[in-house]
Amino acid sequence: MINTLIFKILSLIITIFPTKFLIKLSGKKVIYPFYHIISNNPPVHIKHLYPVRSIKQFEKDLDFLQKYFTASDFPPENKKTAFVLSFDDGLSEVYEIIAPILQKRNISAIFFINSAFVDNEDMFVNYVESIKKENPNIDYKEYLKSYKPYLTKEQIKELKEQGFTIGAHSINHPLFSEINEEEQIKQIKDNFTFLQYIVTINQKYFAFPFSDNGVKDTFFKTVYENKIADYTFGTAGIKDDIFERNIQRIPIEKYGLSAKRHIKTELLLYIVKRFFGKELVKR
Ligand SMILES: [Zn+2]
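Residues numbered from 1 in each chain as written. Predicted model: local features only at pLDDT ≥ 70, side-chain atom pairs only at ≥ 80, totals over all residues. Heavy atoms only, no water.

What about the pattern of salt bridges?
- All chains considered together, the criterion is met by 11 salt bridges.
- Between Lys 227 and Asp 230 there is a salt bridge, with the nearest N and O atoms lying 3.1 Å from each other.
- Among the residues examined, Asp 230 registers a relative accessible area of 7% and is labelled buried. (Salt bridge = Lys/Arg side-chain N within 4 Å of Asp/Glu carboxyl O. Buried < 20%, exposed > 50% of the residue type's maximum accessible area, 1.4 Å probe, protein only.)

Quick look at the structure:
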């Protein structure tokens, strides 16, 4: 993975290239930007982890995306240059802030949910750490009760009725390379069983928590052959994957850059990697 400083320097150089030129040269028809949260008041459980985008910044990102790509459901049609949006971790801002903005623009999205956290029953460990940075003695269960950072079952149901797609993000957000294959499969299966109690799931989409880095070939084969998931989604940026059903997405929030700068930089990196035959995620 390229380091932050190099990425940021490249993102400055990239301004001299027109976006259309980069899209054309990359040959990439579909891009998959993803976010977690949009908020004008970054909550304590997130603000110590990564830069949070404001509503204004998000609208600007969408202006850029809609100018050069067509918003698409998944799987996208082959004809057009398209973007497929998704949001991880099932945060309440998805319902309160993100969905209304997307609906106004007629943009669809996939929301990837951790079953253990729905209805604020529990919390992702990194969020607990972010809270503890500010309040070392806080009881995170109390925080869950008062702040309610996660979506409820009712909200998930409503999002689905609004036309959005609901996907799985594991039970409780473990790093997949650190758990064995049996546990990996269980994290997905149980997640879908839980979600299917709330909404109808026609196609099973699963987004890896953190990253699919270090996950073995045998896992992917088992998942697709046994229809544990129809498609899986990683976080490696603009890359092709040796498994066609594993879709790599762009972590827009990672460097705190605008979608325009971030995506243009990723396109340039993809062009360079392809030139050297390194555009494929291999395992
Ligand atoms: Zn996540």
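Next comes the rest of the account.
Regarding the coordination of the zinc ion
- The coordination sphere of the zinc ion, as far as protein atoms go, consists of Asp 89 (OD), His 169 (NE2) and His 173 (NE2), spread over 2.0 to 2.1 Å.
- Of note, the zinc ion draws all its donor residues from one chain, in the sequence arrangement D-x79-H-x3-H. One end of the pair, Asp 89, is in the loop between strand E5 (85–88) and helix H5 (93–105); the other, His 173, is in the loop between strand E7 (165–168) and helix H9 (181–198), and 84 residues separate them in sequence. As far as the burial class goes, Asp 89 and His 173 line up, both buried. (Donors = N, O, S within 2.8 Å, 3.2 Å for Na, K, Ca; no water. Helix = DSSP H or I, 4+ residues; strand = E, 2+ residues; numbered from the N terminus.)

What to know about unusual backbone geometry
- Going from Phe 74 to Pro 75, the amide bond is cis rather than trans, its omega being -10 degrees.
- Counting through the fold element by element, Pro 75 comes out in the loop between strand E3 (70–71) and strand E4 (82–83).
- Within the chain, Asn 106 stands out as a residue other than glycine whose phi angle is a positive 60 degrees.
- With respect to the helices and strands, the residue Asn 106 is situated in the loop between H5 and strand E6 (109–113).

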